[in-house]
Structure formats: structure tokens, C-alpha cells
Amino acid sequence: LQSPQHRLASQKMRSSAALIACLAACTLALASAGLSVPAPAMRFQLPESRPLSFNPRSTDSLLPLVAKAKAAPQPKNPLQLTGDLICSAAAASKNFWMAAVAGGFAGTCMFPVDTAKVRMQSCAQTEVAVAAAQRTYRNTIQTISKVAGEEGFLALYRGLLPVIVGSAPEMAVQVASYEASRDMFAEKFGKDKFSLDIQFAAGCFSGFAHCLVSNPMEVLKIRGQVLGKAGGGVVTAIKDIGLPGLYKGVGACWARDIPFSAIYFPAYALTKKHLEEKGYNPFLCSMGAGLFAGVIGASPTTPCDVVKTRLQSPKPGAIPYKGVRDCVSRMAAEEGLGSFFTGVGPRVGRVAPYLALSLTSYEIIKAGIEILEKKAKAGTLFGGDPKAKGKKGKK
């Protein structure tokens, strides 16, 4: 005996088989009777077919095809692609090395002043109870002469290696991020790229990006300037502080670089444009604009630079600072507001000439390379006459 469930399933199967058989019989009957289902009516009319205008025996019909084939871009072989990659890499490396030379030259020239600034700010941190007139390092000239006399002249350049190595990416990131963000903001908001608000926003973005590259260099530089020979080399410093230690004080670095770039770049562009309209020499325009923009950008951002130096100093004092807020509150309570402007003279005296020299030397190197490239293409790089060379070749 079958269960009720099995009986119900068998009944369903038999009914399905009967339905399929009926459908098959109807289909066969329609096929044998020659019946057909009418096609649905078209909602649109198809265009009338026209004969092809191409005539293989006529040369007139081939001319458009030949011209189109010549105009189409031809695929490049691997050698051409490799050559294009080499040319683009050479162009990028040329700008990179120009920035390296310009930044390294300016950084080397102004490095003793930067050493004096760091020593004065670090001394104010470790000698809090001592009066400013009785501290070890009191002003720029006294600090430079004291360091050179007691530790040797080369002691003024301790920590220079990270600056030379990082000058190229630092300057490239600072300038490239400013120009790229300036063009992007101008296109997005439909404004002139030299308008004040666009340059202000681009300067803020440039300062943010610049700090990501410059903060590790600042940590290693300050370590070499403060500790001297005891700090060891770059490799020893990285082993001691670790990779996270390279970004110590990055918050204070952002607080310094973002407003500085927001002030510096608009001031530089507007001042240079004004001087060029007056008809001054391009070299003097770049130098004067860089000095002016550096002074008005470095002066108000000195408190942030002091806080950054204290957080990154390898001699933290009796009680190390926990962060930016702790450093600011303790400096204001223990030393007064004047402590935030310690080393303002050497900071302005270093930043303004450094940026003026770096940007001016970059433009001079760029112009000189363009002249050499033109002479090389014309065949007059070594004093040859391209016309005489052409006549000789024809003869």
C-alpha cells in the first residue's frame, strides 16, 4: 500500500504528462495543416537599401580610404615605446635634479643660521630657570661663533646630510602640490588661478603635503644639530628613534607649514608679478619676491616652529612634553608668551634667504638647461656653425 503523499505525487505526475502530450499533439496538428503565426507589425519603417558607392575599378573611391588610413594613429613598436618611456623619465629626472641642486645649494648656504636657531630654541628648553641674557646661546652671531670656536667650524653643518638628501623631494612636493592644487581649484570653481583665495587654498594644501616629506628630515636634522658628535650618523639615529619617531611632532609641523605656505605662495606670486610689471630684472624679481614673502610668512609662524623644535629635540629637559597642547600650556605658564618667539631672528634670517635662493637658483638652472638644449639641437653647443655643417654635408 502507498501512503497518501506518494499517491498525491503520482497523480501530479500523471496530470503533467497528460498536459505535455496534449501540447505535443496540438503542435503536430498545426505543422501538418501548414498554419503559421503572423509576424508582429513593425513600429518604425526601415530605411531603403541603397547601393554601395564604392567602386573597386575607380581610383576616386579609394582616395578617402587611403587618407583615412594615413590619418589613423599607427601602432608603435616596442623600441618606440621604450624610447618614449626613457624620454619621459629623463624629463622627470631633469626637474628632480634641478630641484635637488637648487634646494641643496640654498640649504647649505643657510645651514649655520638654522643651527643657531635650533641651538637657541633647545637652550631655552633646557635652561628654563636661567635668564635669557645669561643662557648659553643668546643670539645668532654669538651662537655661531661659540659653536665654531668650541666644537669646530664643521659643527655648524652637523645634520646637513638629511637636508641635502631631502631637499629634492621636499622642494618638488612643495612646488608641485601647490601648482597642481592651484590649477585644480581654479578649474573647479571657475576662477583665475592667480586670485587670492585660490592661491590661499593651494598654499594650505602645499603645506600639508610638504610636511609629510619634511618632518623626518627635520627630526634627523635637529638631532644632529643638538647632540653633535654624540648623535652619530643618520643610520644610528634611525635605529635609536625608530621609524615612528621620524614623525614626532608632526602636528606642530602641520601647524607651522600650512599657514606658512598659505602666506608665502600668494605673497610671492603677487609680489613677483608686481615687480615684473614695473620692468625689473627677472632675477631681482624672483629674489625680491622670495625675500619679502619669506619674511612675512616666517615671522607669524615662529611660535609653531618653537613648539615643533621642542617636541622633536633629543634633549627634552626635566619633564618631557606629552604633546602640542601640553607644550603650549606649560610654555605659557612657566616661561611666558615671549618664549614662543625664541629664535625669531635666525628663523626669519634663514627661511627668507633660503626660499629666495632656492626658487631663484631653480629658475636660473632651468633657463640655463633650456639654452643648452636649444644649442644642442641646433648643433652649436661647442661653437660649431650649423650652416657650415650643412654645406659640408652637401659638398
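Check the entry above for the structure.
Everything quoted here is computed from the prediction, not taken from an experiment. (Residues numbered from 1 in each chain as written. Predicted model: local features only at pLDDT ≥ 70, side-chain atom pairs only at ≥ 80, totals over all residues. Heavy atoms only, no water.)

## Some words on the environment of Glu335
Mapped onto the elements of the fold, Glu335 is located in the loop between α11 (324–334) and α12 (344–378). As a C-alpha pair, Glu335 and Val128 span 207 residues in sequence and 7.1 Å in three-dimensional space. Among residues more than four places away in sequence, those in contact with Glu335 are Ala124, Val128, Arg310, Tyr321 and Arg330. A polar atom in the side chain of Glu335 sits 2.6 Å from the side chain of Arg310. (Helix = DSSP H or I, 4+ residues; strand = E, 2+ residues; numbered from the N terminus. Contact = heavy atoms within 4.5 Å. Polar contact = N/O pair within 3.5 Å; in protein donor to acceptor, adjacent residues only side chain to side chain.)

## Thoughts on the nonpolar core
When a protein is soluble and globular, its nonpolar side chains tend to lie buried together. Counting residues in hydrophobic clusters, the biggest one holds 21 residues, and the most contacted among them are Phe260, Tyr264, Tyr268 and Leu355. Secondary-structure elements contributing two or more residues to this core are α3 (78–126), α5 (160–189), α8 (250–277), α9 (282–298) and α12. When near neighbours in sequence (up to four residues on either side) are disregarded, Phe260 contacts Gly294, Gly297, Ala298, Thr301, Arg347, Val351 and Leu355. Core analysis: the next-biggest nonpolar cluster, separate from the first, contains eight residues, Ala252, Val306, Val307 and Phe340 among them. (Core = buried A, V, L, I, M, F, W, Y, C linked by side-chain atoms within 4.5 Å. Buried < 20%, exposed > 50% of the residue type's maximum accessible area, 1.4 Å probe, protein only.)

## Section: the packing of aromatic side chains
Overall, the coordinates contain seven aromatic pairs when judged by the stated rule. For the ring pair Tyr264 and Phe265, a centre distance of 5.5 Å and an interplane angle of 80° mean the geometry is edge-to-face. Both residues of the pair, Tyr264 and Phe265, count as buried. Centroid distance Tyr264 to Tyr268: 5.9 Å. Interplanar angle 15°. Geometry classified as stacked. In this pair, Tyr264 and Tyr268 are both assigned in helix α8, four residues apart and thus about one turn of the helix distant. Both residues of the pair, Tyr264 and Tyr268, count as buried. Sitting over the face of the ring of Phe194, Lys273 holds its NZ or CZ atom 5.9 Å from the ring centroid. (Phe/Tyr/Trp six-rings, centres within 6.5 Å; stacked < 30°, edge-to-face > 60°. Lys NZ or Arg CZ within 6 Å of the ring centre and 35° of its normal.)

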